Amino acid sequence: MPSKKTNKQIVEDYLVSIKEKGLSKGTMTTYKNIADNLPFSVMMAQKTLIKKLKELYSNPNTLQLYLNMIILVRRFKDEPTDQLVKLRNGLKDEIKKSRIEKLDKLDDELPTLDYLRDKLEKLEKVRYIVNYLFINHGLRNKDLNMIYVDKLPEESDDNLIAFANKSKTKAAIHINKYKTAKAHGRKIINIMDKRFIKELKAMDLKDGDPVVQRKNGERMTKVSTLNDRLKTLSIDKLGQNKIFKIVIRNLLNNNNFEKLDQYSKDRGTGYETLLKSYNLKASGSSDIESVEDEE
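Residues numbered from 1 in each chain as written. Predicted model: local features only at pLDDT ≥ 70, side-chain atom pairs only at ≥ 80, totals over all residues. Heavy atoms only, no water.

Trainee: What is the right way to read the overall build of the protein from this model?
Mentor: When you go through the protein residue by residue, the secondary structure sums to 13 helices and four strands. Of all 295 residues assigned to the protein, the portion counted as buried reaches 45%. In the protein, once contacts between residues fewer than 6 apart in sequence are set aside, the share between residues at least 24 apart is 60%. Carbon and sulfur atoms make up 48% of the accessible area of the protein, which amounts to about 16600 Å² in all. (Helix = DSSP H or I, 4+ residues; strand = E, 2+ residues; numbered from the N terminus. Buried < 20%, exposed > 50% of the residue type's maximum accessible area, 1.4 Å probe, protein only. Contact = heavy atoms within 4.5 Å. Areas by Shrake-Rupley, 256 points an atom, 1.4 Å probe, with all protein chains shown as cover.)

Trainee: What is the right way to read the nonpolar core from this model?
Mentor: Soluble globular proteins: nonpolar side chains tend toward being buried together. Counting 49 residues, the largest nonpolar core has Leu133 and Phe196 as its most contacted members. Here this core gets eight residues from one element, more than from any other, and that element is helix H7 (residues 125-137). With residues near it in sequence (within four places) discarded, Phe196 still touches Tyr128, Ile129, Tyr132, Leu133, Ile161, Ala171 and Ile191. Listed in part, the 29 residues of the second largest apolar core include Val11, Leu15, Leu67 and Ile70. (Core = buried A, V, L, I, M, F, W, Y, C linked by side-chain atoms within 4.5 Å.)

Trainee: Would you mind going over helix H9 (residues 194-202) with me for this structure?
Mentor: Because an α-helix packs 3.6 residues into every turn, residues spaced three or four apart end up facing the same way. Listed as buried for H9 are Phe196, Ile197, Glu199 and Leu200. Burial along H9 is one-sided: seen end-on, the buried residues are contained in an arc of 165°. Every exposed residue of H9 that faces more than 90 degrees away from the buried side is listed here: Lys194 and Lys198. Its buried side turned inward, H9 meets H7, strand S2 (160-163), strand S3 (171-175) and strand S4 (187-191). Two or three places before Arg195, at the start of H9, stands the capping residue Asp193, its side-chain oxygen 3.0 Å from that residue's backbone nitrogen. Taken from the residues just after H9, Asp204 is the one with a positive phi, measuring 55°. (Arc of directions from axis to C-beta. Polar contact = N/O pair within 3.5 Å; in protein donor to acceptor, adjacent residues only side chain to side chain.)

Trainee: Is there a simple way to explain the packing of aromatic side chains in this structure?
Mentor: Two aromatic rings are characterised by how far apart their centres lie and by the angle between their planes. Tallying each qualifying case throughout the model produces six aromatic pairs. With 6.1 Å between their ring centres and 55° between their planes, Phe244 and Tyr263 make a pair best called tilted. Separated by 19 residues along the polypeptide, Phe244 in helix H11 (residues 239-253) and Tyr263 in helix H12 (residues 257-267) bring together distant segments of the chain. Within the aromatic cluster, the residues linked to one another by ring pairs are Tyr128, Tyr132 and Phe196. Above the ring of Tyr178, the side-chain terminus of Lys187 is found at 4.3 Å from the ring centroid. Its guanidinium or amino end placed over the ring of Phe244, Arg267 lies 4.1 Å from that ring's centre, counting from NZ or CZ. (Phe/Tyr/Trp six-rings, centres within 6.5 Å; stacked < 30°, edge-to-face > 60°. Lys NZ or Arg CZ within 6 Å of the ring centre and 35° of its normal.)

Trainee: Which parts of the structure should I look at to understand the packing of helix H2 (residues 25-37) against helix H4 (residues 60-76)?
Mentor: A pair of packed helices is characterised by two quantities: the angle between their axes and the separation of those axes. Put simply, H2 and H4 touch, their axes get as near as 10 Å, and they point 95° apart. Here H4 runs roughly perpendicular to H2, going by the angle between their axes. Residues Thr30, Tyr31, Ile34, Ala35 and Asn37 of H2 form the contact with H4, whose participating residues are Leu65, Tyr66, Met69 and Leu72. (Axes fitted to C-alpha atoms, helices over the stretch in contact; angles between N-to-C directions. Parallel < 35°, antiparallel > 145°, perpendicular 65-115°, else oblique.)

Trainee: Hey, could you run me through the side chain of Asn131 in this one?
Mentor: Within the element layout of this structure, Asn131 appears in helix H7. For Asn131, a relative accessible area of 0% gives the class buried. Here Leu233 takes part through its backbone oxygen, which lies 3.0 Å from a polar atom of the side chain of Asn131. Excluding its chain neighbours within four sequence positions, the residues that come into contact with Asn131 are Leu120, Leu123, Leu233, Ser234, Ile235 and Ile243.

Trainee: Please clarify how the pattern of salt bridges should be interpreted in this entry.
Mentor: Opposite charge on two side chains permits them to pair, given that their charged atoms come into close proximity. Taken as a whole and judged by the stated rule, the model has nine salt bridges. The partner of Lys5 in a salt bridge is Asp13, with the nearest N and O atoms 2.6 Å apart. Taking relative accessible area as the criterion, Asp13 reaches 26% and is therefore assigned partly exposed. Taking the shortest distance from any N to any O, the salt bridge between Asp204 and Lys206 comes out at 3.1 Å. With a relative accessible area of 51%, Asp204 lands in the exposed category. Judged by its relative accessible area of 46%, Lys206 is partly exposed. Each member of the salt-bridge network shares a partner with another, and the members are Glu121, Arg195 and Glu199. (Salt bridge = Lys/Arg side-chain N within 4 Å of Asp/Glu carboxyl O.)

Trainee: I tried to follow the pairing of S4 on my own but got confused; where do I start?
Mentor: Successive residues of a regular strand alternate their side chains across the two faces of the sheet. Where burial is concerned, the two faces of S4 differ: the one with Lys187, Ile189 and Ile191 is buried and the one with Ile188 and Asn190 is not. Pairing between S3 and S4: five bridges, direction antiparallel. When the sheet's bridge partners are listed, Ala171 is paired in S4 with Ile191. (Pairing = 2+ DSSP bridges.)

Trainee: Would you mind going over helix H1 (residues 7-17) with me for this structure?
Mentor: When H1 is considered as a whole, its buried residues turn out to be Asn7, Ile10, Val11, Tyr14 and Leu15. End-on view of H1: buried residues confined to an arc of 135°, all on one side of the axis. Considering only its buried residues, H1 is in contact with H2 and H4.

Trainee: Can you help me understand the confidence of the model for the protein in this one?
Mentor: The predicted coordinates of low-pLDDT regions are not to be read in fine detail. Of all residues in the protein, 87% have pLDDT values of 70 or greater, and the mean over the chain is 85. Here residues 283-295 is modelled with pLDDT under 50, and outside its nearest four sequence neighbours on either side it reaches 43 contacts, counting other chains as well. (pLDDT = per-residue confidence, 0-100.)

Given below as structure tokens:
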């Protein structure tokens, strides 16, 4: 007999059962949202469920997302999933084709790295700092949620920037909070670029000041607010994801694998993942706007 529990209750039971696996907050929220949005039970007969899903969701990416969650919770409830799995597997080619078409279009629309560099030279203060770090080090939005300090502590769980010598000719960035911190540990970036140093000094930051601030000078605590602010600060409002794709495209076109290795380390992204996810010519490349990259 199908469960009489609501989708929300079923998903909550499932999440409790796999608590030890440590799903990210984003994944848990996604599953809960799917459960809330579905106007029918995930426990109904597979044939009927598939029919209703197709009627509601024509986008193969959305359909696959819903199917992933539904299959997991149905297995948790010992309900059959064979037909759902078959449908999900059949979507892979369709999704791949859709991604390639989007990436080809994006490749044609995105500006060149030289264009970004020309634009960068016309920027000042925080806009220069943000775009310099996007272009030259491939940092994510979350990396840039950093605090200026007069002196870098030996230990910290925050993202920090400071001048690394008394003459203030060298800046040091310590990034402790970022997506793959557990795998890669603290990221340390040292910068001696004279223009970067000049613009950092021009910001006149005091000990404890956030580099990217709210209008009242306080730090941004909401991810969505930080993302919106950084996209506004970015060149042509491209955002860090597209800027990084432009950088990787340029490096690959010039076979600059030494630089690719540097970006892999600075971004905290494995070399293989970097090539697969950010290469505009790769058939398995991620969608234009990746949610995980904006976290």
